[in-house]
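Results of the structural survey
Here's the letter readout for the chains.
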Amino acid sequence: MKQLLRKGLKHVIVDEVPDPVTTSHHVLVRPFYSLISSGTETASIHREGLIKTVADNPSYIGKILDVMMSQGPMRTMAEVKAKFSEYAVLGYSGAGVIVDKHNTVRDLELGDRVAYGGEGTGHGETVLVGRNLVVRVPDNVPFEHACFTTLGSIALNSIRIATISLGERVSVIGLGLVGQLIAQLCRLQGGFVIATDLKPDRVELAHKLGADAALVGGAQFAQEVNAITNGIGVDCVFIAAAAKSDAPCRLAVEICRDRGRIVDVGAVQLNFPWYQTYLKEIQVLMARAYGPGSYDDSYERQGQDYPLPYVRWTENRNMEEFLRLTSRGRMQIESLITHRFPLEEAPKAYETIMDPAANSLAVLLKYPAADLTNAVASFEPKRKVEVNGQSAASLGIGVALVGAGNLARWVHLPNLKNTPGVRLRAVHSSLGARGKSYALRFGADYCASDYEEILKDPSVQAVVIASRNQQHALQAQAALRAGKHVFVEKPMALTEQECRDVYQAARESGKQLTVGFNRRYAPSYLTLRQQLAKRMGPAVLNCRINSPGISGRYWMADPAIGGAILGEACHFVDLVYWLLESEPLQVSAYSLPTGRKDPIGENNIVASFHFADGSIANLTYCTVGSRTSTGERVEIFAPGVAAFAEDFKQSVVKASMVHKRSSWFAQKGYQPQMLAFFAALQQGKSPDITVLDGVRSTLGCLRMMQAAREGVACAIDLDNFLAFSSR
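Residues numbered from 1 in each chain as written. Predicted model: local features only at pLDDT ≥ 70, side-chain atom pairs only at ≥ 80, totals over all residues. Heavy atoms only, no water.

Let's talk about the overall build of the protein
Along the protein, the regular secondary structure elements total 24 helices and 32 strands. Here the protein has a C-alpha radius of gyration of 29 Å; the compact-globule value for 727 residues is 27 Å, and the two agree. Expressed as lengths along the three principal axes of its C-alpha atoms, the size of the protein is roughly 90 × 60 × 50 Å. The proportion of buried residues among the 727 residues of the protein is 55%. Surface summary for the protein: the accessible area is close to 31,200 Å², and the carbon and sulfur share equals 52%. (Helix = DSSP H or I, 4+ residues; strand = E, 2+ residues; numbered from the N terminus. Rg over C-alpha atoms; globule rule 2.2 N^0.38 Å. Buried < 20%, exposed > 50% of the residue type's maximum accessible area, 1.4 Å probe, protein only. Areas by Shrake-Rupley, 256 points an atom, 1.4 Å probe, with all protein chains shown as cover.)

So, the packing of helix α18 (residues 472–481) against helix α19 (residues 496–509)
It is at 9 Å that the axes of α18 and α19 come closest, and there the two elements cross at 15°. Overall, the two elements α18 and α19 adopt an arrangement that is roughly parallel. By crossing handedness, the relation of α18 to α19 is classed as left-handed. Here α18 contributes Ala473, Gln477, Leu480 and Arg481 to the contact with α19, which in turn contributes Glu498, Asp501, Val502, Gln504, Ala505, Ala506, Glu508 and Ser509. Split by residue class, the contact of α18 with α19 holds five nonpolar, three polar and four charged. (Axes fitted to C-alpha atoms, helices over the stretch in contact; angles between N-to-C directions. Parallel < 35°, antiparallel > 145°, perpendicular 65-115°, else oblique. Left-handed = near helix turned anticlockwise from the far one by under 90°. Contact = heavy atoms within 4.5 Å. Nonpolar A, V, L, I, M, F, W, Y, C, P; charged D, E, K, R; others polar.)

Details of empty space enclosed by the protein
A complete count under the given rule lists two cavities of 30 Å³ or more for this structure. For the largest cavity, the calculated volume is near 40 Å³. Around the largest cavity, the lining residues are Thr514, Tyr521, Gln673, Ala676, Phe677, Pro687 and Asp688. Looking at the lining of the largest cavity, the element that brings in the most residues is helix α22 (residues 670–683), giving three residues. (1 Å grid on protein atoms, 1.4 Å probe; cavity = no way out; pocket = protein on both sides within 12 Å on 5 of 7 lines; lining within 4 Å. Points joined across faces, edges and corners; volume = space filled by probe spheres on them.)

Notes on the pairing of strand β19 (residues 422–428)
Judged by how many residues are buried, β19 sits mostly within the fold: seven of seven residues are covered. In this sheet, β19 lies alongside strand β18 (residues 397–402) in parallel orientation, the contact comprising six bridges. Its bridge partner lying in β19, leucine 401 is registered against valine 427. With helix α15 (residues 406–417) bridging β18 and the parallel β19, this β-α-β connection has right-handed handedness. Pairing of β19 with strand β20 (residues 446–448) involves three bridges; the strand directions are parallel. Note on β20: the bridge partner recorded for alanine 426 is tyrosine 446. As a crossover connection, the stretch from β19 through helix α16 (residues 432–442) into β20 is right-handed. (Pairing = 2+ DSSP bridges. Right-handed = clockwise from strand over helix to strand, strands pointing away.)

Side note on the pattern of salt bridges
All chains considered together, the criterion is met by 34 salt bridges. Of the charged contacts in the structure, one is a salt bridge between glutamate 86 and arginine 409, with a shortest N-O distance of 3.3 Å. Placement of glutamate 86 in the loop between α4 (73–82) and β4 (87–89) and of arginine 409 in helix α15 is noted, with a sequence separation of 323 residues between them. Given the relative accessible area of 13%, glutamate 86 is considered buried. Note that glutamate 635 and arginine 633 form a salt bridge whose closest N and O atoms lie 3.4 Å from each other. Among the ionic contacts, a cluster of salt bridges with common partners joins Arg520, Asp574, Glu583, Asp693 and Arg696. (Salt bridge = Lys/Arg side-chain N within 4 Å of Asp/Glu carboxyl O.)

Brief notes about the sheet that holds strand β2 (residues 11–16)
Strands sit in the order β2-β1-β4 across an open sheet of three strands; the sheet is antiparallel. Where the open sheet ends on each side, the last strands, each with one partner, are β2 and β4. Strand-to-strand twist in this sheet, taken as the mean axis angle between neighbours without regard to direction, amounts to 50°. The sheet contact formed by strand β1 (residues 2–7) and β2 spans six bridges and is antiparallel. Directly across from lysine 2, in β2, lies its bridge partner glutamate 16. The sheet strands contacting helix α14 (residues 346–353) are β1 and β2, and the helix crosses β2 at an angle near 160°. Against the sheet, α16 contacts β1, β2 and β4, and its axis sits at roughly 175° relative to β4.

Digging into the nonpolar core
One finds Met492, Leu513, Tyr525, Leu541, Phe609 and Met704 to be the most contacted residues of the largest nonpolar core, which totals 89 residues. Per-element accounting of this core gives the leading share, 13 residues, to helix α21 (residues 563–580). In contact with methionine 492, not counting residues within four places along its chain, are His472, Ala473, Cys499, Val502, Leu513, Val515, Val691, Gly694 and Val695. One finds Val97, Val134, Leu205 and Ala287 within the second-largest nonpolar core, a separate group that totals 74 residues. (Core = buried A, V, L, I, M, F, W, Y, C linked by side-chain atoms within 4.5 Å.)

Remarks on the state of the cysteines
In the structure shown here, the tally under the stated rule is zero disulfides. Here cysteine 186 stays free of any disulfide, with the sulfur of cysteine 236 as its closest cysteine sulfur at 7.0 Å. (Disulfide = S-S within 2.5 Å.)

Side note on the side chain of serine 467
Assignment of secondary structure puts serine 467 in the loop between β21 (462–465) and α18. Beyond its immediate sequence surroundings of up to four residues, serine 467 is in contact with Val402, Gly403, His472 and Gln475.

A short note on the pairing of strand β10 (residues 192–197)
Of all the six residues making up β10, five are buried; the element is thus mostly covered by neighbouring parts of the structure. Sheet topology places strand β9 (residues 169–173) next to β10; five bridges connect them, and they run parallel. Looking at the pairing, valine 172 lines up with alanine 195 of β10. In this sheet, strand β11 (residues 213–216) lies alongside β10 in parallel orientation, the contact comprising four bridges. When the sheet's bridge partners are listed, alanine 195 is paired in β11 with alanine 214. In this view, the connection linking β10 to its parallel neighbour β11 by way of helix α8 (residues 200–208) has right-handed handedness.

Examining helix α23 (residues 691–710)
Between its first and last C-alpha, α23 extends 28 Å over 20 residues, near the 28 Å set by a 1.5 Å rise per residue. Extensive coverage of α23 is indicated by the burial of 16 of its 20 residues. Backbone geometry just after α23 places glycine 711 at a positive phi near 70°. (Expected span 1.5 Å × (residues − 1).)

Without other data, these values stay purely geometric and don't point to any function.
So this is what it looks like as structure tokens:
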């Protein structure tokens, strides 16, 4: 399909990317029209270049330095350079027809006329949309008007936040699309609207659309408002402007009455004059996107609605109400449309928006589906897109990278590119634009949004799985049974049954599977293992991990998909086994109180393991610490020796002498593990880390969480697992 993309920092292009695949609680829509949100979308187009962008956002420098300390200067500079060519999706508001849906969506049908919204949907010939961000369009509302629904719901949510009542004096500062819609909705709510903008043509349009007073902004505006309101000031001010200064905020405070309200809907510097705001006791309110449900994955992605008696106006219900008002002729839309462009001329559309002389307001994109007799019947998704083509001279193991996230971009793709005897055949991502971007950057033959394209490709001999944790086991099984070797990121599995399924798939297929336990290859941990190999008796280990990033709404924090323990602590269950070269037999554990959103008790555990050789290990895993403290520290104590490793940068051994090893940048072992895995495949050997290591780490984490939950010590019986799985 064709999709509009930002390439690098400032270029807008239309390129071919794979059509998306339906997922749970989602539908596929073929847009007829989409609306370019001039404020939000053009804010991400940096025409001034990198230096000006960084100058306007000094925090970027700190982020780059933080990444450099973690990833090293070469990889960081490679990522900065990539910013000039990588793809990003623009757009989040359109209308079209449903052409496919997941079986979890039961109240919509193929062919339904719908409006849609949602970050990441973009301007493309096919879009994947969560059920709660799709609403039916009344028959008398044209698609050109229906594609305003997302921005209309943003405006409507701000009205609800402001609680406008009959007769209140309301000022709208900024008469872009959202400001114009707010002005109309305020009047429907019974407010007396005073609209203002620095552009006379927008002021004139607001007056034409019903504003009670429409004034060009300037030095006299506050005095004019004072005269209109008989010296009282307005009851409520909507800041719907886009500005890099705090001028709209200062103006809002000046014209607001005592104990009035200010609602921010725009993008301005929120810097209010303290004394004046305090003296008037003004309420400052923020309107968050389309309404309740915004930025809540359980609502937007997992289809969980909020009960109407408790949350009357959700995102979805706001979208429905805006369309109802439009169908009844209460909202005037046509006058807001200044330009229409076909999708292939989308770059010209953005040029128009960013040209002040064009006087653009609402700019629409029209799609080929709008001219089809039956958009559903003609839908033929293309979920594999050739990028570089397969060279006849290509030699080596063909590899597909599955899951184009940050770990893939920063670690696995660069390492695959530098691994001898390996060629990158494909990149799989559910996000077509990202898959295409990575395929171009790292030289893959093609990108795909459908995993089946990878499985049926005989040129792919190995799959590197770096998708989300809950997908690892199923994708690994499918790849093994399709006759492919597997490098799967941790965790290999999330349940005991998944462990059995992956283990059996590896046995029956005869293919190799390794798990991304990179710490076994990190120099600092290799130093500890060398010391423990010399011991004459049992050892004591202490692992302390602080991961404050895995908290709150971050997807990996969710206990339903393993949380921090199965998702991250599995590293350390494997690490202590490898350091000691002894099987863990039993674990006791305690966690913080459970049932809270944050901190999530299940993610904060102190556990003690007992090993077959008599050794013991303590594991403290927490997400409540400071981001400035050490991330991980592993200490070992054995007869005559003590040593520790910290944050992949330092190891200290204290025996008859003290030996220290340190590096400026973290050495995490990713590249040596990748090299070792493919070297083993080329030599026909088993990798150092096998499916059994994946099973052991998962079982250890499951028993650890069970021990914390039940308050009893739990056995870790790998032999019993193998006996059961071999039946």
